[in-house]
Amino acid sequence: MTDYDAIIVGAGHNGLVCGAYLAKAGKRVLVVDGRDQPGGCASTRELAAGFRISDCAQWLYQFDDLIVGELGLQAAGLTVGRRKQTVALQTDGDHLTIDGDLLRGAGIGTGDQAAYQAFRQQIDVFAKLMLKLYRGRAPKLVEADWTDRVTLMKLGLGLKLMGKGNMQDLMRLVLINIYDVMNENFDHEGLKAALAMDAITGTNMGPRSPNTVFTYLHRALGNQLQAGGVVQVMGGMGALGDALKSAAEAHGATVRLGCRVRQIVKEGDRVCAVLLDDGSTVQTKAVVSSADPTTTFGELLGCQHLETGMARRVTQYRTRSGTAKLHLALSGLPSFTGLDNGGLTQRLVIAPSMDAIESAFNPMKYAECGDRHVFDISIPSIEDPSLAPDGQHVLTALVHYLPYETKAGWAADRPQVLDGLVAQLEAYAPGLREQIVASELLVPPDFEAAYGMAGGNWHHGELSIDQALMMRPFPGSTQYATAVPGLFLCGAGAHPGGSLMGLPGRNAAKEILKQGALT
Amino acid sequence: MNQYDAIVIGAGHNGLTNGAYLAKAGLKVAVLERNPYIGGATVSRELHKGWYYSNCSYVSSLLRPEITRDLELPRHGLQVVPFGGGTTFMRNGDHFHNFDDHDRLHREMSRHSKRDANAYDRYAADTSLQTKLIRPYLMRTPPDPTSMKPRDLADLLEFARSFMALGEEKLLDTIKFWTGSVGDYLDGYFETDVIKAHIAGSGIIGTALGVYSPGTAYVLLHHYMGDVDGNVGAWGFARGGMGAIAESLSKAFQSYGGEIICDANVDEIIVRDGRAKGVALKDGTEYQADIVVSNLDPKRTFLDITNPKDLPEDVLKKAQNFKIRGSSGKLNIALDGLPTFTGIDPRSRMMGGEMHFSDSLERQERAYDDWKNGTWSKDPYLDMLIPSMTDPTMAPPGKHMMSVFVQYAPPKVEGRDWTDEDKDGFEKSVLDQISNYSPDFRDLILHCETRTPREIEAEVGLTEGNIFMGELTFDQLLFNRPFPGYSQYRAPIKGMYMCSSGTHPGGGVMAAPGANAAREILSDLKRPNTVPGGYADD
Amino acid sequence: MITSSRETMLLTTPFHSRVEAMCHLNDWGNWMGYTTPNAYFDVELEYFAIRSTTGVFDLSPMNKYRITGPDAEAYLNRMVTRNVSKLGVNRVGYAVWCNDAGSILDDGTIFRLGEQDFRLCSYQRADDWLYWCTLGFDVTITNESEDIAGLAVQGPTSCTVLTLLGCTGLDQLKPFGIAHFTFEGAPMMVSRTGFTGDLGYEVWVAPEQAEALWDQLFECGRDYLIKPIGGYALDLARIEAGFLQAHVDFIPAEEAVRPGRTRSPLELGLEWLVDFSKPLFNGRAALLEEKARGSRYRFAILDIEGNKPAEHSFILKGNKVVGTVTSAAWCPTVKSNLAYALIEAPHGKVGDQLTAEIYYQRELHWTRLMAPCRVIDGPLFNPKRRRQTPAPPF
């Protein structure tokens, strides 16, 4: 008799979503995580006394509304803020605002206005097609069963129904880079750069890397999944983890925090238990890992428990990332040239041009830090004053690109890189430095250490086509099952991939139940 | 007087091939050429007395053997001699020799890494599998996935079947290969920088992408899918330079009654009532024909010599968005004698092979960064050959001719046109690179022709100087080449066709686009096909 | 660094000076990048040295890998299909290894030199695969191919000759056993193994001892009619004895290009080497599935009528081609015309009557022969002396 039907490794959002669905289906589920907080990358942490920050993900933009409803997350306490506009900061203070379909400021022309609307419409058409593929397992092609064939037929039909023009465009676009597509459609450098930022977040690619249209589409799927647009979670991102935990528990799952899974235990030819850090072993019918594939196979299970070809695939899975995070506790509201309070609470992007993004990308390839970076900034304490003491604020920023390792080592390089980042922000927010009460810079190895994400990759593995869809994470371990009986994947390393989306967790739960793996 | 059944614009190898097959079918065909000489990018030119330069394309492998035989090119004087082998010089004074012989290559690789030497067999098998998948489609018109025509559906089904036969894992690996970067692909096999760098060069030649850019694994394949005498992936010299290919094609074409008209600079394709009716030259001369075939790249075809009012809007937009980026340059050098190279025995057969000077993927990626930043690579990737080591007709006895292909050179320098100073700087960076490994090389230079994208575009008419007439990335390959919906050689104007390297199966001196286009034209004319099918590959 | 020496095509083994002196036919081949003799003086007489006296074969080009470390046994157990735990120290085991798809990569012998110390001797190079197999294991892999010189000393008088060389008590060594001696003050390892199916040993020394070993061995063996043997004679012996060879009887899976060309151990008649009771080894899941589903091919040894070797023949059942021959020879000791064939299931069962389509040429005249043949249940050559301990003196 096993202790549980399923043990979910990791109480990140996907782990909790998967656990909640399995529990909802009447399964005995244990979700375990080494951190004391649920949510994984949806995390809130105190930066300094009274200052709280979302220390990994800072925006919610593609969390599936379907999951919110099905799991009752609102009842479980999830509250989100108002839809954020994207303000692309310009050095002259005349900023460009992207507000849904509308563009204003920074001398944006009517040509770009119209082009932007047409572009969004076409992207939505493509995203709707991708949605068919995202809310379920990615089909196998040769060994396709009936479910897979139905998916493939639906896709084929969807392609045809888009119309010949759209289909031709999609065939051309899906593998190319965002840089060209932006140049084809728009004139305004700031607009192009602000949109291109969506394509490169969390990746190891620059705007000129082919495949960045795919990553852009991946993010654009947010418009289909989450009606509310880009928002902040009230109470910090950790509140999403809290709500998911409550929901999972309400459905009957047990969530155990502060206890890391040390090992996924294989007996005979199948996985049957996990060994926890406290030395106890918990038996189960299946282990469902929301950890990334590299960690799941390479560390928790161990490559020695895989056949060699699979072990080779594990090590060849690409998990590098260039995304870093800057956290500042501020004694007052920073003053950004040309922005009032209403503007400051929006999503602020600093990326003067796509070439600036690309130039920020180049040094990272050679383990160098560069001196110009691009930023995606949030000052969440404006909409949510609970995050900082009265009248004071926190600022968090995604920073691109900083390498996983530097030649001198991060211990040596960190102070001056952090200083350089603040200096770059000061060009837009004079006096910012004087307001800093506390600061920190998290670089890819920090994310790896804190959240167990190999390479610090936010998507649990580069989200390029060759590691996406029916190839995710790699051939032989697709459709949430792995080559090892009793071991499943439900994290962002499984289809449809990264970002706070919840779909890998939901899809995995459905697939595991359908296969009858827990009976 | 100036009345023909078909007019082909551009006497490059594809134009001549296309013309030859149309003429062979009994059509009265004229091939018009802007330059006073034929060949396009397939030329040999005596730019220094006694020396002949293949001053654009410089080696042959992709030229389809079906066409060589069918048009009896050997009888018309073509002789292709394989050279084999290559060297990458290393900064530490060592080098890597890429021997043709398997055991010898193994031994050389073992010197760098035994694991790599062994992994090479796995690499070779996996890469051969990919060439086997693509080769059957070279002499075929790609099916159009957006079409519902029975022929397209049947072809698509066949296409799908050949991929399905691989089984799930190999199929997915194939998709990974077609969408991945050459750097990541090679990282999956090798641990040694120089071995990876030596191979990776084929993934970036002529391409405005870096070794770690997704899509470059296919470019590697594009350089592997040809053959010399059935040796897939082998390369050779056309004896007498690449012009010998154009020369033999022109003789084949003329043997079927075709006519070549040089110094004929086409201004516009004449269209009446939605039908192509001929062409008008810049000097006002007009030629009439119901079939007009453009061997110019898609941009020039639709944006230069076609009146926009004759084209649907989507095609104009597609032509504007067509990616044809200048990324390469070329140096052709007359040498007073054979230069010596550090670490190579002058009697070594490797002196007749390709030489490269980038010993790591990082150096190649940095060379690409320069291009992205709008300048030529300061540490360029070179594909350097001394054809006169193999072909005695290229230079006087005891003297040598050197061909240096350079990656990368931008179409514009920091956003402005190339200047002569830029050209000098570009030339210097290339000569410096070679001199690093050949101390006496500079002193032997008698004449040097330096071609930046500016010269390639101006003289050959390749937009931006792109050697493939359009990037070889998946968005522009197979049924996407040149644009989705227009991959079957027909332009949107009745009677107008495309036959350049900008169409399937793409660039390189392959002649397949010209032949495939001829087959479609003859089919539209309901004439018997004169174009051979592809050889079955085992 | 002018390196014209690198331009030389083939390597030579540590025995080369002696091999060259005895290679009266000057008939050389390329084996694994080494210059090796196809034949020394007469293929048939060399073959009969193996079967009647002692034949010496230079097997230095074989690939040798040392596998050491706490996980060495677990590492090999995951890699090969048989159970290495059952292999005692100073014992040798024949093994095959597969990829995840259950297709054979190569076969070879595993020498257990200590609890955590193994040597893998393989026909094909395996550096790449052995490396990938290390992921997750605490092992060290060393390619010692060039650090060890090896001679196969095979035939009825081989034990006696080696005893004279100083291998005292060698007759007590059981088949697949390993014994350690000293030769000229240096270690010399002898294993009772071989590729001939006869009584025989393989002798392993450092390259520095190679020439002296050769000299003394031939000195000791003179009265026992010791002879050097080349590749052709060995091939004849191995076919007679039922041994498979990579690139001849199967293609190493990672070098196969076309789908469906690889072979599994079940298809090659090597199921006895597959221990399904092990919870994990490369190819296990695929082989279990194959076992349930049935194999596509069946390895068969054919006894063919007549004396024309069935090299490269098609095998027919009635009028239908059901297989092809991979190895074939007229075998002089068992006086049979044998061939290995891969036959499409369900054909090829023991006792099946099939037809071999044989082409042969006499005075430039080609003849097509449809020779009846029968699937037999194992190699015909299997002498008692091969298994006897103590080993017989001649």
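Reading guide: rules and limits
- Residues numbered from 1 in each chain as written.
- Chains lettered and ligands numbered in written order.
- Predicted model: local features only at pLDDT ≥ 70, side-chain atom pairs only at ≥ 80, totals over all residues.
- Heavy atoms only, no water.
- Core = buried A, V, L, I, M, F, W, Y, C linked by side-chain atoms within 4.5 Å.
- Buried < 20%, exposed > 50% of the residue type's maximum accessible area, 1.4 Å probe, protein only.
- Helix = DSSP H or I, 4+ residues; strand = E, 2+ residues; numbered from the N terminus.
- Contact = heavy atoms within 4.5 Å.
- Buried area = accessible area lost by both parts, 1.4 Å probe.
- Salt bridge = Lys/Arg side-chain N within 4 Å of Asp/Glu carboxyl O.
- Polar contact = N/O pair within 3.5 Å; in protein donor to acceptor, adjacent residues only side chain to side chain.
- Expected span 1.5 Å × (residues − 1).
- Nonpolar A, V, L, I, M, F, W, Y, C, P; charged D, E, K, R; others polar.
- Domains from an automatic or database assignment.
- 1 Å grid on protein atoms, 1.4 Å probe; cavity = no way out; pocket = protein on both sides within 12 Å on 5 of 7 lines; lining within 4 Å.
- Points joined across faces, edges and corners; volume = space filled by probe spheres on them.
- Phe/Tyr/Trp six-rings, centres within 6.5 Å; stacked < 30°, edge-to-face > 60°.
- Lys NZ or Arg CZ within 6 Å of the ring centre and 35° of its normal.
- Pairing = 2+ DSSP bridges.
- Axes fitted to C-alpha atoms, helices over the stretch in contact; angles between N-to-C directions.
- Disulfide = S-S within 2.5 Å.

Thoughts on the nonpolar core
Right, on to step 1. Ranked by internal contacts, the top residues of the largest apolar core, which has 248 residues, are A:Leu22, A:Phe63, A:Leu71, A:Tyr134, A:Leu306, A:Ile357 and B:Leu22.
Right, on to step 2. Sort the elements by how many residues they give to this core and helix α3 (residues 110-134) of chain A lands first, with 11 residues.
Right, on to step 3. Sequence-distant contacts of B:Leu22, defined by excluding residues within four places in its chain, comprise B:Ala6, B:Leu27, B:Val29, B:Val293, B:Ala518, B:Ile521 and B:Leu522.
Right, on to step 4. The next biggest cluster of nonpolar side chains, apart from the first, holds 50 residues, and it includes C:Val92, C:Tyr94, C:Leu234 and C:Phe250.

Remarks on the environment of C:Ala126
Right, on to step 1. Topologically, C:Ala126 is positioned in the loop between β7 (117-122) and α4 (127-133).
Right, on to step 2. You can call C:Ala126 buried: its relative accessible area is 6%.
Right, on to step 3. Separated by 257 residues in sequence, C:Ala126 and C:Pro383 place their C-alpha atoms 32 Å apart.
Right, on to step 4. Each residue touching C:Ala126, except ones within four places of it in the same chain, is listed here: B:Asn118 and C:Tyr65.

Examining the interface of chain A and chain B
Right, on to step 1. Residue-level contacts link 37 residues of chain A with 40 residues of chain B.
Right, on to step 2. Each partner contributes to the roughly 3,500 Å² buried at the junction of chain A and chain B, and carbon and sulfur atoms together form 55% of this total.
Right, on to step 3. Our count for the chain A to chain B interface comes out at 9 salt bridges.
Right, on to step 4. Between B:Asp173 and A:Arg313 there is a salt bridge, and its shortest N-O distance comes to 2.8 Å.
Right, on to step 5. The interface formed by chain A and chain B holds 21 residue pairs in polar contact (both at pLDDT 80 or more) in total.
Right, on to step 6. Counting only elements with at least two residues in the side of chain A that touches chain B, the list comes to α5 (164-173), α6 (178-185), α12 (308-316) and α14 (354-364) of chain A.
Right, on to step 7. Counting residues per element, the side of chain A that touches chain B draws most heavily on α5(A), at 6 residues.

Let's talk about helix α15 (residues 410-426) of chain A
Right, on to step 1. Along its 17 residues, α15(A) runs 23 Å from first to last C-alpha, staying within 8% of the 24 Å computed at 1.5 Å per residue.
Right, on to step 2. Within α15(A), the full set of buried residues consists of A:Trp410, A:Asp413, A:Val417, A:Leu418, A:Leu421, A:Val422, A:Gln424 and A:Leu425.

Side note on the interface of chain C and chain A
Right, on to step 1. Of the residues lining the interface, 17 residues belong to chain C; the matching set on chain A comes to 15 residues.
Right, on to step 2. Both sides of the chain C and chain A interface together cover about 1,300 Å² of buried area, and 52% of this is carbon and sulfur.
Right, on to step 3. There are 2 salt bridges connecting chain C and chain A.
Right, on to step 4. Our count for the contact surface shared by chain C and chain A stands at 10 residue pairs in polar contact (both at pLDDT 80 or more).
Right, on to step 5. Mapped by element, the contributors of at least two residues to the side of chain C that touches chain A are α4 and α8 (284-293) of chain C.
Right, on to step 6. Examining the composition of the side of chain C that touches chain A, we find that 4 residues originate from one element, α4(C), more than from any other.
Right, on to step 7. The class makeup of the residues in the side of chain C that touches chain A is 9 nonpolar, 3 polar and 5 charged.

Let's talk about the domain arrangement of chain C
Right, on to step 1. On domain assignment, one finds that chain C holds domain 1 (8-60 + 148-229) and domain 2 (296-378).
Right, on to step 2. The gap between the C-alpha centroids of domain 1 of chain C and domain 2 of chain C is 32 Å.

Side note on empty space enclosed by the protein
Right, on to step 1. What the rule picks out here adds up to 9 cavities of 30 Å³ or more.
Right, on to step 2. Roughly 400 Å³ of internal volume is contained in the largest cavity.
Right, on to step 3. Surrounding the largest cavity, 23 residues form its lining, A:Tyr116, A:Arg120, A:Asp198, A:Asn223 and A:Val230 being those nearest its centre.
Right, on to step 4. Counting only elements with at least two residues in the lining of the largest cavity, the list comes to β6 (96-99), α3, α7 (189-200), α8 (212-220) and α9 (222-225) of chain A.
Right, on to step 5. Looking at side-chain class alone, the lining of the largest cavity contains 10 nonpolar, 6 polar and 7 charged residues.
Right, on to step 6. There is about 190 Å³ of room inside the second largest cavity.
Right, on to step 7. If you trace the second largest cavity, you find 14 residues lining it, with B:Asn118, C:Leu105, C:Arg125, C:Glu254 and C:Glu255 closest to the centre.
Right, on to step 8. Those elements that provide at least two residues to the lining of the second largest cavity are α4 (114-134) of chain B together with β6 (104-114) and α4 of chain C.
Right, on to step 9. The element contributing the most residues to the lining of the second largest cavity is α4(B), with 3 residues.
Right, on to step 10. The residue makeup of the lining of the second largest cavity, split by class, is 5 nonpolar, 2 polar and 7 charged.

Overview of the environment of A:Ala449
Residue and element names in this part refer to chain A.
Right, on to step 1. Topologically, alanine 449 is positioned in helix α17 (residues 444-451).
Right, on to step 2. What makes alanine 449 exposed here is its relative accessible area of 67%.
Right, on to step 3. A C-alpha to C-alpha distance of 20 Å links alanine 449 and valine 31, two positions 418 residues apart in sequence.

Regarding the packing of aromatic side chains
Right, on to step 1. As enumerated under the stated definition, the model contains 48 aromatic pairs over all chains in all.
Right, on to step 2. Ring centres of A:Tyr116 and A:Phe186 lie 6.2 Å apart, and the angle between their planes is 55°; on these two criteria the pair is classed as tilted. Highlighted residues: A:Tyr116 in helix α3 and A:Phe186 in the loop between α6 and α7, separated in sequence by 70 residues. Comparing A:Tyr116 with A:Phe186, the two get one shared label, buried.
Right, on to step 3. Measuring from centroid to centroid gives 5.3 Å for B:Trp178 and B:Tyr218, while their planes differ by 45°, and the two rings are tilted. In this pair, B:Trp178 sits in helix α6 (residues 168-179) while B:Tyr218 sits in helix α9 (residues 216-224), placing the two residues 40 residues apart along the sequence. Take B:Trp178 and B:Tyr218: they sit in the same class, and that class is buried.
Right, on to step 4. Within the aromatic cluster, the residues linked to one another by ring pairs are B:Tyr137, B:Phe159, B:Phe163, B:Trp178, B:Tyr218, B:Phe474 and B:Phe479.
Right, on to step 5. Over the ring of C:Tyr131 we find B:Arg115, and its NZ or CZ is 3.3 Å from the ring centre.

Some points on the pairing of strand β15 (residues 291-294) of chain B
Residues and elements named next belong to chain B.
Right, on to step 1. Burial along β15 is two-sided: Ile291 and Val293 and Val292 and Ser294, pointing in opposite directions, are all buried.
Right, on to step 2. Note that strand β1 (residues 6-9) and β15 share 4 bridges and pair parallel. Paired with valine 8 across the bridge in β15 is valine 293.
Right, on to step 3. Of the strand pairs in this sheet, β15 and strand β21 (residues 496-498) are connected by 3 bridges, and their pairing is parallel. By the bridge assignment for β21, valine 293 is matched with tyrosine 497.

Thoughts on the sheet that holds strand β15 (residues 314-317) of chain C
Residues and elements named next belong to chain C.
Right, on to step 1. Within the closed barrel, the 6 strands sit side by side as β14-β17-β16-β15-β18-β19. Their pairing is antiparallel. Strand after strand, the sheet turns through a mean of 40° between neighbouring axes, direction not considered.
Right, on to step 2. Across 8 bridges, strand β16 (residues 320-331) lies against strand β17 (residues 336-344) in antiparallel orientation. When the sheet's bridge partners are listed, valine 325 is paired in β17 with alanine 341.
Right, on to step 3. Relative to β16, helix α7 (residues 231-241) is tilted by about 120°, and along the sheet it contacts β16 and β17.

Structural notes on the state of the cysteines
Residue and element names in this part refer to chain B.
Right, on to step 1. For the coordinates displayed, the defined rule picks out 0 disulfides over all chains.
Right, on to step 2. For the unlinked cysteine cysteine 56, the closest cysteine sulfur is that of cysteine 448, found at 15 Å.
Right, on to step 3. Looking at the unpaired cysteine 262, the closest cysteine sulfur is the one in cysteine 56, lying at 15 Å.

Here we look at the domain arrangement of chain B
Residue and element names in this part refer to chain B.
Right, on to step 1. Under the domain assignment used here, chain B contains domain 1 (6-45 + 57-81 + 241-322 + 482-524) and domain 2 (85-230 + 324-469).
Right, on to step 2. With 42 residues of domain 1 at the contact, the number on the domain 2 side is 35 residues.
Right, on to step 3. Contact between domain 1 and domain 2 buries roughly 3,000 Å² in total, counting both sides, with carbon and sulfur atoms accounting for 52%.
Right, on to step 4. Together, Tyr58, Arg300 and Gln488 form the three largest contributors to the area buried by domain 1 at its contact with domain 2, with a combined 21%.
Right, on to step 5. Across the contact surface, domain 1 and domain 2 share 2 salt bridges.
Right, on to step 6. Glutamate 457 is paired through a salt bridge with arginine 300; the nearest N and O atoms lie 2.5 Å apart.
Right, on to step 7. In this assembly, domain 1 and domain 2 are joined by 21 residue pairs in polar contact (both at pLDDT 80 or more).

Brief notes about unusual backbone geometry
Right, on to step 1. The amide bond that connects A:His400 to the next residue, A:Tyr401, takes the cis arrangement and shows omega of -5°.
Right, on to step 2. Note on placement: A:Tyr401 falls in the loop between β15 (393-400) and α15.
Right, on to step 3. With an omega of 0°, the peptide bond between B:His504 and B:Pro505 qualifies as cis.
Right, on to step 4. Looking at the element boundaries, B:Pro505 is found in the loop between β21 and α16 (512-524).
Right, on to step 5. Phi is positive for B:Leu478, close to 50°, though the residue is something other than glycine.
Right, on to step 6. Residue B:Leu478 is classed as buried on the basis of its relative accessible area of 6%.
Right, on to step 7. Look at C:Glu184: it is not a glycine, yet its phi comes out positive at around 50°.

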